[in-house]
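Okay, here's what each chain looks like letter by letter:
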Amino acid sequence: MGEATPFQEAARRVADGADPRAEAAALVAAMTDEERRWCLDGDLPFWGGLEDLGAGGYHRRTFPAARVDRLGIPGFAFSDGPRGVVIGPATAFPVSMARGATWDLDLEERIGEAIGTELRAVGATLYGGVCVNVLRHPAWGRAQETYGEDPFHVGELGAALTRGVQRHAMACVKHFAANSMENARFSVDVTVDDAALHEVFLPHFRRIVDEGVAVVMSAYNAVNGEWCGQSRALLTDVLRGEWGFEGFVISDWIFGLRDAGASVANGLDVEMPYRMIRAFGLDEALAAGECDAADVDRAVTNTVATLLRFARVLAAERPPLDVLASPTHRALAHEAATKALVLLRNEPVDGAPVLPVDLDVARLAVIGALADAPNLGDGGSSDVWAPEVITPLAGLRSLAGPDRVVHHDGADLVGAAAAAARADVAVVVVGYTKADEGEYIGGSATAHLADLMPAADEPEVAAAFAAVLAADVEPFQKPGAAPGEDVGFSKGGDRTSLRLRPHDVELIRAVAAANPRTVVAIVAGSAVLIDEWHEAVPAVVQSWYAGMEGGRALADVLGGRAEPAGRLPFSVPAEEAHLPPFDPEADAVTYDAWHGYWRLARDGHRAAYPFGFGLGYADLAITGAVAQLDGDDLVVSAGVANRGARPGVEVVQVYAGAAGAPRRLVGFARVEVAAGGALDVVVRVPRERLARRDPASRTWLPAAGSHHVVVARHADDDVAHHLVVD
């Protein structure tokens, strides 16, 4: 072993208890001006990097930044998510929204550990997949990348993913903040008052900051007139000043800031992923006094201090590449897909519910083009190159046997109905693909930002990157890709409809008319309105973009080998008019505190399928709920009884609010109850979780007076337990 570098020596001192920030400041003081500037953006050339990005480079190599070889500072190597590592043939887990439907924090933490391991195996040290923007409207194109509509629920799941990942690497939470529409994300200015901002659009970010997340990624949009990537209000006043964040902040990619000086002065530490706006504009910004040397030092110190704090974790030996999509990780993906499936409807036919189906004897007709399509979701930055995808058809054939399962693609309604009529049960798989929703790539959305692109790359940076590409003689390839296939990004965008295609609805009706035992599986990243057809079929499941093992999971649940354990992480309204306004092309919007189940309750509307809703095969009930204060905590106790002959799963949900105020989710517990058994559940709610934001003072008002507490199975539960705590 050679002599330790200055960074390694500093990391040793930090491990022994030294202050990371002081050690980082000393390293920054030892840097040249050029080295400091190098730490302010990604290490790759803009034009060369952009060309490689479009040719599949996003899935083949990491994106480095802030490396200073002279001092041994390793910088960081970024790879994205959130449904798995996007480099190489990795495990494709169900999308985050599906995992939100599990309400299973232990599972999400284990998924984080698996992702962290695969991340390190491909050479990455920073995971960009903790996406927690709340689902304000189900048409949002990237809805599938977050966990749901409720900030508490979203924050707990994001914190669990962060815990798991950070046993192996650094995690990045995104997109900070109020990023809830896609097509206009590069131009929209979101106006939001202080109370709504802090009670609805920020608390989940704060929860993950409190969990110790290493990195925050800013958003493309503006909030209250400031672009998020250079917003002093968000990046300095809130994130650092109010919350005490100790990590570093990176921009969203390519157009994540507009002004070099303002971004440095106001709290953005690293521009990602290329040498772009800062590399070619910082000298002028410094000369004009838009930022100064102290601002530069602060930004670099933030990054280096974080690298020092994580140095021991990142120094661990890299796992071998065979951890990618390993049997253990595929089993975890299978578990997640199984727990995520939400049973929305299960009506009786001939005196008994249609589900579960006895797959040992039943003949199945599996209908629809999506039944036999590898359909993992978004084709943008969260795309995962899974080495294999178990489709619904493959999963059902594996469990029921190929001789008793026929497939019809559904294009011909008469043929589909005939196939259904010959079967005991028909399973119709319908919904969306990456062509219908996802991250918005391309189009004219960024045409107005062309002036931010550099005229040409720096020759030495371009040459260094060319050498990296030349040395990569065996780059990762997309499994199963045809020669010449485009392996770049799909266009994506916000959804144009919340309903199924007319042909899908006609297909469902035709199949249901031919076979009374029809099950519909909906593939989507968020809510789908189904009121025009759901009463025509006895059974409906929300099956999501369920990952590489999703077909097996669907078969397990439909066949009764697993309990339908998922609960909706959003509300499915009875009418689109019950949702907040949504204009995907707007350049200015106003967000208030009302969306999801809060808005429905305020306006007196019952959801078609409420937040937290999901049926099961077991007969469960919540009993004996009690709420009382214990010091600084509200303690809610209840029993869960299983009155049936099957084991079951329940998610006990606790909603609370001051008298006259909206009741919000403040706690939950997922429990598995044996057949005929019972469990006691205790949910502790810190009283600070009941505080309200005072917009006048921009501080939190502690909970006071009487609070209405509801212990329920979902937000509209008619047999919920209603309690009052003074």
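Residues numbered from 1 in each chain as written. Predicted model: local features only at pLDDT ≥ 70, side-chain atom pairs only at ≥ 80, totals over all residues. Heavy atoms only, no water.

Draft legend 1. Focus on the sheet that holds strand E15 (residues 364-367). The mixed open sheet is built from 6 strands, whose spatial order is E12-E19-E18-E17-E15-E16. Lying at the two open borders of the sheet, with one neighbouring strand each, are strand E12 (342-346) and strand E16 (405-408). When strand polarity is set aside, the average angle formed by the axes of neighbouring strands in this sheet is 20 degrees. One ladder, built from 4 bridges, connects E15 with E16; its direction is parallel. Each bridged residue has a counterpart across the sheet, and for Ile-367 the counterpart in E16 is His-408. (Pairing = 2+ DSSP bridges. Helix = DSSP H or I, 4+ residues; strand = E, 2+ residues; numbered from the N terminus. Axes fitted to C-alpha atoms, helices over the stretch in contact; angles between N-to-C directions.)

Draft legend 2. Main features of helix H6 (residues 105-121). With 17 residues, H6 ought to run about 24 Å at 1.5 Å a step, and its terminal C-alpha atoms sit 24 Å apart, in line with that. Residue Asp-104 occupies the N-cap position of H6, its side-chain oxygen lying 3.3 Å from the main-chain nitrogen of Asp-106. Among the residues trailing H6, Gly-123 stands out with phi positive, at a value near 95 degrees. (Expected span 1.5 Å × (residues − 1). Polar contact = N/O pair within 3.5 Å; in protein donor to acceptor, adjacent residues only side chain to side chain.)

Draft legend 3. Up close: the environment of Ala-417. Here Ala-417 shows up in helix H17 (residues 413-421). In this structure Ala-417 comes out as buried when scored by relative accessible area, which is 17%. Separated by 91 residues in sequence, Ala-417 and Ile-508 have C-alpha atoms that sit 9.2 Å apart. (Buried < 20%, exposed > 50% of the residue type's maximum accessible area, 1.4 Å probe, protein only.)

Draft legend 4. Up close: helix H20 (residues 550-558). In terms of residue burial, H20 counts as a mostly covered element, since 8 of its 9 residues are buried. Of all the positions in H20, only Gly-550, Gly-551, Ala-553, Leu-554, Ala-555, Asp-556, Val-557 and Leu-558 are classed as buried. Looking at the buried positions of H20, the neighbouring elements they touch are helix H15 (327-340), helix H16 (392-400), strand E17 (425-431), strand E18 (518-523) and strand E19 (539-542). Positive backbone phi, approximately 80 degrees, marks Gly-560, located one or two places after H20. (Contact = heavy atoms within 4.5 Å.)

Draft legend 5. How the structure looks around unusual backbone geometry. Here Phe-176 and Ala-177 are connected by a cis peptide whose omega angle stands at 15 degrees. Structurally, Ala-177 is set in the loop between strand E5 (170-176) and strand E6 (189-192). Cis geometry is found at the peptide bond from Met-272 to Pro-273, where omega equals -5 degrees. Looking at where Pro-273 falls in the secondary structure, it is placed in the loop between helix H11 (260-266) and strand E11 (274-275). Residues other than glycine seldom take positive phi values, yet Ala-66 does so here, at roughly 65 degrees. With respect to the element layout, Ala-66 can be found in the loop between strand E2 (63-65) and strand E3 (76-79). A relative accessible area of 1% places Ala-66 in the buried class. In this structure, Ala-325 takes a positive phi of about 50 degrees despite not being glycine. Tracing the backbone through its elements, the reader meets Ala-325 in the loop between helix H14 (311-314) and H15.

Draft legend 6. The arrangement of the pattern of salt bridges in detail. Evaluated as defined, the whole model comprises 54 salt bridges. Asp-472 serves as the salt-bridge partner of Arg-61, at 2.9 Å between the closest nitrogen and oxygen. One end of the pair, Arg-61, is in the loop between helix H4 (46-54) and E2; the other, Asp-472, is in the loop between helix H18 (459-471) and helix H19 (502-514), and 411 residues separate them in sequence. Residue classification places Asp-472 among the partly exposed residues on the basis of a relative accessible area of 25%. Among the charged side chains, a salt-bridge network with shared partners connects Asp-104, Asp-106, Arg-110, Glu-335, Lys-339, Arg-670 and Glu-672. (Salt bridge = Lys/Arg side-chain N within 4 Å of Asp/Glu carboxyl O.)

Draft legend 7. Quick look at the nonpolar core. Core analysis: the largest hydrophobic core is formed by 142 residues, its most contacted members being Phe-76, Phe-176 and Ile-250. Of all the elements, helix H13 (residues 293-309) adds the most residues to this core, at 7 residues. Judged by nonpolar contacts, the second largest core, of 72 residues, contains Val-95, Leu-370, Ala-416 and Val-541. (Core = buried A, V, L, I, M, F, W, Y, C linked by side-chain atoms within 4.5 Å.)

Draft legend 8. Layout of the packing of helix H1 (residues 6-15) against H13. Here H1 crosses H13 at 65 degrees, and the two axes come no closer than 9 Å. For the pair H1 and H13, the crossing hand works out as right-handed. In contact with Phe-7, Ala-10, Ala-11 and Val-14 of H1, H13 contributes Val-304, Leu-307 and Leu-308. The class makeup of the residues in the contact of H1 with H13 is 7 nonpolar, no polar and no charged. (Left-handed = near helix turned anticlockwise from the far one by under 90°. Nonpolar A, V, L, I, M, F, W, Y, C, P; charged D, E, K, R; others polar.)

Draft legend 9. How the structure looks around the pairing of strand E28 (residues 707-712). Across the 6 residues of E28, 5 count as buried, placing the element largely inside the fold. In terms of strand pairing, strand E23 (residues 648-658) meets E28 through 6 bridges, oriented antiparallel. Along E28, the bridge assignment pairs Ala-658 with His-707. By the bridge criterion, 5 bridges tie E28 to strand E29 (residues 721-725) in an arrangement that is antiparallel. If you follow His-707 over to E29, its bridge partner there is Val-725.

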